[in-house]
Amino acid sequence: MARHKIHVTVNGAAAEAEVESRLLLVHFLRENLRLTGTHIGCDTTHCGACTVLLDGVPVKSCTVLAVQADGRQVMTVEGLEKDGKLHPIQEGFFQEHGLQCGYCTPGMMMTSSALLASNPDPTEADIRRAISGNLCRCTGYVNIVKSVQHAAAAARTAK
Amino acid sequence: MIPASFDYHSPATLAEAIELLGRYRDDAKVLSGGQSLLPLLKLRLGSAGHLVDIGKIPDLEYVREDGGYLKIGGRTRETALEHSDLIRKKYHILADTAAVIADPLVRNLATVGGNLAHGDPANDHPATMMALAARVVATGPKGARTIPIDQFFTGLFSTALAPDEILTEIQVPVPPPKSGGAYVKLERKVGDFATAAAAAQVTLSAGGEIQRAGIALTNAGPTPIRAAAAEKFLQGKKGDAAAIAEASRLAGEAADPSPDRRGSVEYKKNMARVLTARALAKAIARAQGA
């Protein structure tokens, strides 16, 4: 059984492990690193609950091999908060009640934080298109969109 | 879900990748974006002893015009195609297609070459590349060869690629002036495979008649389907409502879908007709504006 030594930077910290070829990135994050903020939802590349940023780009970590992340940067929901201060997207979800059961929330926040990084002033259509690969089983999309808009507005005011 | 055990290889060069494919033959699969392959392995619908990741091989990701062709590197991500200025300005059919493949997160990894090489008739690029009369470049131990798209899809999940060949480039003839195209897809939700979808690419003559029409259907049979009778019918016709209606009727007849949860055979054939009409109308309008 093939094993590989990988070096991944996760939320700014270096992580090293020896992994099987078939280990999925989401399992590496949750089980090897104990970063359980990244959820496993459908496990079939549909729901986006497992979304993380790979070199800044949102991807479904159930459909990436851990070994593919070797030498790269991964950011999970645990990396959003800095020095005890919530990321604007977390503040947005908090203020606008952007979650009900919370299962999709980490993925939603990772996708929308990447959207705001490339498009600080998105339209509602931009937001809806960006999160179209993230499913909310509570169907709470109205407040999710408001949360992203809240974060965008807060980031603009802060500038 | 966890895939069955395999070995992972990450060659640094194309030659090394081809050598690995030659060594492991049918026991090896090329890992490009992985967005079809990894789900297949996880569901254990497929298996491979060796994955050859082409992700670290340089110069496989580009979109450029060169020598009368639009050249798309085999590992070009769908998101790169979707946001390419050249594609958005000049290749509307490809911009339409890239925007409806799976979802934005999947498109951040999924590749154009993978979408073709997977040989899935439910994938979206096969039909658009047929409408565009593209050809693919397969690189193997003896070098590169080009394969016309009509000879590329040999059956369900099978293509003309040899076990030790990699799809390294897609070549689309640069369309003449007064050309336009469109891809119209019916899906139950974002990320679903097409219930039906139609690709249309037309070129108009100086007088406004249709000089060439390329029409193909997604998820309408065991391979992507070229609506040859519809294409032939349109030649020399004005692209008016009557011509579009007849051409789309012929395209619907060319569809040979299977019934599933997306619909019955009758429904899918009818949707192939409706979507062909919409794609043609859009393609003709774009050609008139070009």
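Some thoughts on the overall build of chain B
Alright, step 1. Counting its secondary structure elements, chain B contains 11 helices and 14 strands.
Alright, step 2. Compactness check: chain B gives a C-alpha radius of gyration of 19 Å against a globular reference of 19 Å for 290 residues, within 12% of the reference.
Alright, step 3. A sequence separation of at least 24 residues applies to 65% of the contacts in chain B between residues at least 6 apart.

Comments concerning the interface of chain B and chain A
Alright, step 1. Contacts between chain B and chain A engage 21 residues on the former and 25 residues on the latter.
Alright, step 2. Within the side of chain B that touches chain A, the residues separate by chemical class into 12 nonpolar, six polar and three charged.

Re the sheet that holds strand β12 (residues 196–204) of chain B
All names here are of chain B.
Alright, step 1. Spatial strand order, β11-β12-β13-β14: four strands in an open sheet with antiparallel pairing. Looking along the sheet, the strands with just one partner apiece sit at the ends: β11 (179–186) and β14 (225–226).
Alright, step 2. Pairing of β12 with strand β13 (residues 210–218) involves eight bridges; the strand directions are antiparallel. Note that in β13 the partner of A198 across the bridge is L217.
Alright, step 3. Packing against the sheet, helix α5 (residues 92–100) makes contact with β11 and β12, and its axis sits at approximately 20° to β11.

Overview of the packing of helix α2 (residues 88–95) of chain A against helix α3 (residues 105–118) of chain A
Residue and element names in this part refer to chain A.
Alright, step 1. Between α2 and α3, the shortest axis-to-axis distance is 9 Å and the interhelical angle comes to 125°. In terms of their interaxial angle, α2 and α3 are classed as oblique. With respect to the hand of their crossing, α2 and α3 are arranged in right-handed fashion. Between α2, through I89, Q90 and F93, and α3, the contact on the second element is made entirely by T105, M109, S112, S113 and L116.
Alright, step 2. A breakdown of the residues in the contact of α2 with α3 according to their chemical character gives four nonpolar, four polar and no charged.

Thoughts on the domain arrangement of chain B
All names here are of chain B.
Alright, step 1. Examined at the domain level, chain B breaks down into domain 1 (7–51), domain 2 (63–173) and domain 3 (179–285).
Alright, step 2. Spacing between the C-alpha centres of domain 2 and domain 3 amounts to 19 Å.
Alright, step 3. Counting from both sides, the interface comprises 21 residues of domain 2 and, opposite them, 24 residues of domain 3.
Alright, step 4. Among the secondary structure elements, those contributing two or more residues to the side of domain 2 that touches domain 3 are α5, α8 (125–131) and β8 (153–155).
Alright, step 5. Of the residues in the side of domain 2 that touches domain 3, the class split is 13 nonpolar, four polar and four charged.

Topic: the sheet that holds strand β5 (residues 69–73) of chain B
Residue and element names in this part refer to chain B.
Alright, step 1. The antiparallel open sheet is built from five strands, whose spatial order is β4-β5-β10-β6-β7. The open sheet terminates on both sides in strands that have one partner only, identified here as β4 (63–66) and β7 (143–148). Strand-to-strand, the axes of this sheet are offset by a mean angle of 25°, without reference to chain direction.
Alright, step 2. For strand β6 (residues 135–140) and strand β10 (residues 166–173), the ladder comprises five bridges, and the chain directions are antiparallel. Looking at β10, one finds that V137 is bridged to E169.

Topic: unusual backbone geometry
Most peptide bonds are trans, and most residues other than glycine sit at a negative phi.
Alright, step 1. One non-glycine residue, N11 of chain A, lies in positive phi territory at about 50°.
Alright, step 2. Mapped onto the secondary structure, N11 of chain A falls in the loop between β1 (3–10) and β2 (13–20).
Alright, step 3. Taking the C-beta count within 10 Å as the criterion, N11 of chain A has 20 such neighbours and is therefore assigned buried.
Alright, step 4. In this structure, R25 of chain B takes a positive phi of about 45° despite not being glycine.

Observations concerning α2 of chain A
Residues and elements named next belong to chain A.
Alright, step 1. Of the positions making up α2, those classed as buried are P88, I89, G92 and F93. Down the axis of α2, the buried side of the element spans an arc of 140°, and every buried residue falls inside it.
Alright, step 2. As for α2, its buried residues are in contact with α3 and α5 (141–158).

A look at the domain arrangement of chain A
Quite often, the size of an interface is put as the accessible area lost when its parts meet.
All names here are of chain A.
Alright, step 1. Segmentation of chain A into domains returns domain 1 (3–78) and domain 2 (88–158).
Alright, step 2. Relative to domain 2, the C-alpha centre of domain 1 lies at a distance of 22 Å.
Alright, step 3. Sorting the residues of the side of domain 1 that touches domain 2 by element identifies β3 (51–54) and β4 (57–60) as the ones contributing at least two each.
Alright, step 4. A breakdown of the residues in the side of domain 1 that touches domain 2 according to their chemical character gives eight nonpolar, eight polar and no charged.

Thoughts on the environment of R262 of chain B
All names here are of chain B.
Alright, step 1. For R262, the position within the fold is in the loop between α10 (241–254) and α11 (265–289).
Alright, step 2. R262 gets classed as buried once you count the C-beta atoms within 10 Å, which come to 20.
Alright, step 3. Along the chain, R262 and Y91 lie 171 residues apart, while their C-alpha atoms are 29 Å from each other.
Alright, step 4. Those residues in contact with R262 that lie beyond four places of it in its chain are R188 and T195.

Focus: the pairing of β11 of chain B
All names here are of chain B.
Alright, step 1. Burial within β11 is extensive, with eight of its eight residues counted as buried.
Alright, step 2. Pairing of β11 with β12 involves eight bridges; the strand directions are antiparallel. The residue of β12 that forms the bridge with Y183 is A199.

Notes on the packing of α3 of chain A against α5 of chain A
In helix packing, the relevant descriptors are the interaxial angle and the interaxial distance, both defined with respect to the helix axes.
Residue and element names in this part refer to chain A.
Alright, step 1. At a closest axis distance of 11 Å, the pairing of α3 and α5 adopts a crossing angle of 40°. As judged from the angle between their axes, α3 and α5 are oblique. Where α3 crosses over α5, the two elements pack in a sense that is right-handed. Residues M108, S112 and L116 of α3 pack against I144, V148, A151, A152 and A155 of α5.
Alright, step 2. When the residues that make up the contact of α3 with α5 are grouped by side-chain class, the tally is seven nonpolar, one polar and no charged.

Reading the values: the criteria
- Residues numbered from 1 in each chain as written.
- Chains lettered and ligands numbered in written order.
- Predicted model: local features only at pLDDT ≥ 70, side-chain atom pairs only at ≥ 80, totals over all residues.
- Helix = DSSP H or I, 4+ residues; strand = E, 2+ residues; numbered from the N terminus.
- Rg over C-alpha atoms; globule rule 2.2 N^0.38 Å.
- Contact = placed C-beta atoms within 7 Å.
- Nonpolar A, V, L, I, M, F, W, Y, C, P; charged D, E, K, R; others polar.
- Pairing = 2+ DSSP bridges.
- Axes fitted to C-alpha atoms, helices over the stretch in contact; angles between N-to-C directions.
- Parallel < 35°, antiparallel > 145°, perpendicular 65-115°, else oblique.
- Left-handed = near helix turned anticlockwise from the far one by under 90°.
- Domains from an automatic or database assignment.
- Buried ≥ 20, exposed ≤ 12 C-beta atoms within 10 Å, placed from the backbone.
- Arc of directions from axis to C-beta.

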